Amino acid sequence: MTKKTWAIFVHERPDGDAIGSGSAFYSWGMALGKRCIWGGTHPVPKAYGYLPFVEEYQVMNFVPDVVREPDTAIIVLDTSNLERTVQGILDLYDSTLIVNIDHHMDNQRFGRLNYIDTSSSATAEIIWDLLNDSKLPIPKDARIGIYTGIITDTGHFTYSNTTPKSHLIAQDVLSSGINPEQIFRYIYASRRLEGLKLWGLAFMRAFSTPDGKAVVSWLKKEDFEKLNADPYDSEGIVNQLLYVKGAIISALMTEGEDGEVRVSFRAVTGVSVRELAQKWDGGGHPQAAACKIYFPIEKALDVVSKSIEEYVKNV
């Protein structure tokens with residue numbers, strides 16, 4: 001891209017792939033001499049504080065004025081629809097180049113340029129393709145972000161979206177001298193005690209559907225307050241619920257601000273939870289999807305649990 005300014009945005013409550021991809025793209029832009037800004041509606045989880053240029057990340061709800069300047073490109077990463085990122089991007093569609101880079105199957109192709117590859121294990125894998133195709137040296141800083149995005153979205157190469165290409169990219173990245181153990185410890189071995197207690201609470205509340213095919217749990221807003229836990233402390237709980245013997249679907253309901261309940265779904269290979277999330281205008285991958293429900297947590301728990309119970313009867 002010949003634009004002098006790159007404005008890079010990621011989805012709400014960013015995960016490792018979103019932040020890793022954003023860090024990698026920012027690193028690439030800086031190496032090319034671009035003026036770069038990047039951000040999203042929620043802070044970077046503390047576990048990803050090691051990533052290059054995280055200190056430049058800005059929390060914002062609306063596109064900043066700099067994006068309206070001439071010679072600017074907006075790059076939206078790992079985001080299936082514009083409702084999941086900073087607002088005001090679509091207003092600039094006729095005047096600003098909007099680039100949409102993603103690997104979600106339900107991406108709405110909202111960009112003027114859309115690079116959507118649903119066969120990629122992570123958006124970070126697409127970033128690696130772009131940098132590799134440019135024939136320019138890939139900055140080491142960018143490799144750190146790419147590796148982070150791939151290992152988090154593949155569950156450290158254990159999920160069904162893991163491909164030989166995922167391992168080949170990891171080989172390329174690690175050959176540059178990046179330490180995989182150090183990155184693992186940054187992400188997975190830096191849990192706070194408050195977060196551990198939150199996990200315990202969710203595990204204590206977990207229940208299964210009568211047939212044992214689904215496991216569900218929930219967390220209230222007051223749980224976070226009482227334990228002094230961070231919203232990101234709940235990341236990973238829904239994956240653990242799926243490890244119960246016989247479970248093919250798991251769900252975690254988390255009460256948030258303004259009466260919303262965020263529902264995260266997970267499923268084993270061959271079972272899709274995207275359709276469940278879409279019932280409440282959500283989406284995602286077949287094996288990992290999410291939505292928001294504007295019910296009190298008790299009603300949300302009842303409604304979602306019944307929907308899951310009915311859904312697994314036919315799976």
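Residues numbered from 1 in each chain as written. Predicted model: local features only at pLDDT ≥ 70, side-chain atom pairs only at ≥ 80, totals over all residues. Heavy atoms only, no water.

A. Representation of the packing of helix α1 (residues 16-31) against helix α2 (residues 123-133) in the model. One way to put it is that α1 packs onto α2 with a least axis distance of 8 Å and a crossing angle of 20°. In terms of orientation, α1 and α2 fall into the roughly parallel class. Crossing of α1 over α2 shows left-handed handedness. Contacts between α1 and α2 involve Asp17, Ser21, Ala24, Phe25 and Trp28 on the former and, on the latter, Thr123, Ala124, Ile127, Leu130 and Leu131. For the contact of α1 with α2, the per-class residue count stands at seven nonpolar, two polar and one charged. (Axes fitted to C-alpha atoms, helices over the stretch in contact; angles between N-to-C directions. Helix = DSSP H or I, 4+ residues; strand = E, 2+ residues; numbered from the N terminus. Parallel < 35°, antiparallel > 145°, perpendicular 65-115°, else oblique. Left-handed = near helix turned anticlockwise from the far one by under 90°. Contact = heavy atoms within 4.5 Å. Nonpolar A, V, L, I, M, F, W, Y, C, P; charged D, E, K, R; others polar.)

B. Examining the sheet that holds strand β5 (residues 97-102) more closely. Across the sheet, which stays open at both edges, the six strands sit in the order β3-β2-β1-β4-β5-β6 with parallel pairing between neighbours. The two strands at the open ends of the sheet, each matched to only one other strand, are β3 (57-59) and β6 (113-116). When the angles between neighbouring strand axes are averaged without regard to direction, this sheet yields 20°. Relative to strand β4 (residues 72-77), strand β1 (residues 5-10) is paired through six bridges, and the arrangement is parallel. From the neighbouring strand, Trp6 faces β4, where its bridge partner is Ala73. Packed on one face of the sheet, α2 meets β4, β5 and β6 and runs near 120° to β5. (Pairing = 2+ DSSP bridges.)

C. Region of the structure containing unusual backbone geometry. A positive phi angle, close to 45°, is found at Arg13, a residue other than glycine. By the secondary structure assignment, Arg13 is in the loop between β1 and α1. Non-glycine residue Arg109 carries a positive phi angle of around 50°. Summarising the element assignment, Arg109 is placed in the loop between β5 and β6. A relative accessible area of 44% means that Arg109 is categorised as partly exposed. (Buried < 20%, exposed > 50% of the residue type's maximum accessible area, 1.4 Å probe, protein only.)

D. The nonpolar core, seen in detail. Residues Phe25 and Ile75 are the most contacted members of the largest nonpolar core, which totals 43 residues. Residues in contact with Ile75, not counting those within four places in the same chain, are Met1, Trp6, Ala7, Ile8, Phe9, Phe25, Val99 and Ile101. Among the nonpolar cores identified, the runner-up in size contains 25 residues, and Met253, Val263, Val271 and Ala277 belong to it. (Core = buried A, V, L, I, M, F, W, Y, C linked by side-chain atoms within 4.5 Å.)

E. Looking closely at the environment of Ala18. Here Ala18 is to be found in helix α1. Sequence separation between Ala18 and Thr79 is 61 residues; the distance between their C-alpha atoms is 8.2 Å.

F. Broad picture of the packing of helix α3 (residues 140-153) against helix α4 (residues 164-174). Contact geometry of α3 with α4 gives a least axis separation of 10 Å together with a crossing angle of 150°. The element α3 and its partner α4 pack so that their crossing is left-handed. Contacts from Arg143, Ile146, Tyr147 and Ile150 of α3 reach α4 at Ser166, Ile169, Ala170, Asp172, Val173 and Leu174. Its residues assigned to classes, the contact of α3 with α4 shows seven nonpolar, one polar and two charged.

G. Main features of the side chain of Asn100. Here Asn100 is to be found in strand β5. Under the relative-accessibility criterion, Asn100 is labelled buried at 0%. A distance of 3.0 Å separates polar atoms of two side chains, one belonging to Asn100 and the other to Asn114. With residues up to four places along the chain from it excluded, the contact list for Asn100 reads Val76, Thr79, Asn107, Arg109, Phe110, Gly111, Leu113, Asn114, Tyr115 and Ile116. (Polar contact = N/O pair within 3.5 Å; in protein donor to acceptor, adjacent residues only side chain to side chain.)

H. Main features of the packing of aromatic side chains. Taken as a whole and judged by the stated rule, the model has nine aromatic pairs. Considering the side-chain rings of Trp6 and Trp28, the 5.6 Å spacing of their centres and the 65° angle between planes classify their relative orientation as edge-to-face. One end of the pair, Trp6, is in strand β1; the other, Trp28, is in helix α1, and 22 residues separate them in sequence. When its relative accessible area of 1% is taken as the criterion, Trp6 is described as buried. Between the aromatic rings of Phe184 and Tyr188, the centroid separation amounts to 5.1 Å while the plane-to-plane angle is 40°, which identifies the pairing as tilted. With Phe184 and Tyr188 both in helix α5 (residues 180-188) and four residues apart, this pair spans about one turn of that helix. Exposure remark for Tyr188: the relative accessible area of 34% places this residue in the partly exposed category. Members of the aromatic cluster, each reached through a chain of ring pairs, are Tyr26, Trp38, Phe53 and Tyr57. One Lys or Arg, Lys299, reaches over the ring of Phe295 and ends 4.4 Å from the middle of that ring. (Phe/Tyr/Trp six-rings, centres within 6.5 Å; stacked < 30°, edge-to-face > 60°. Lys NZ or Arg CZ within 6 Å of the ring centre and 35° of its normal.)

I. Quick peek at the sheet that holds strand β12 (residues 288-293). Ordered in space as β7-β8-β9-β10-β12-β11, the six strands form an open sheet in which the pairing is mixed. Each edge of the sheet is formed by a strand with only one pairing partner; in this case those strands are β7 (207-208) and β11 (283-284). Relative to strand β9 (residues 249-255), strand β8 (residues 214-219) runs parallel, the two sharing six bridges. Bridging from a neighbouring strand, Val216 pairs with Ala251 of β9. Packed on one face of the sheet, helix α6 (residues 193-205) meets β7 and β8 and runs near 130° to β8. Running at roughly 170° to β9, helix α10 (residues 297-312) makes contact with β7, β8, β9, β10 (261-267) and β12 of the sheet.

No statement about biological role is implied by the geometric values presented.
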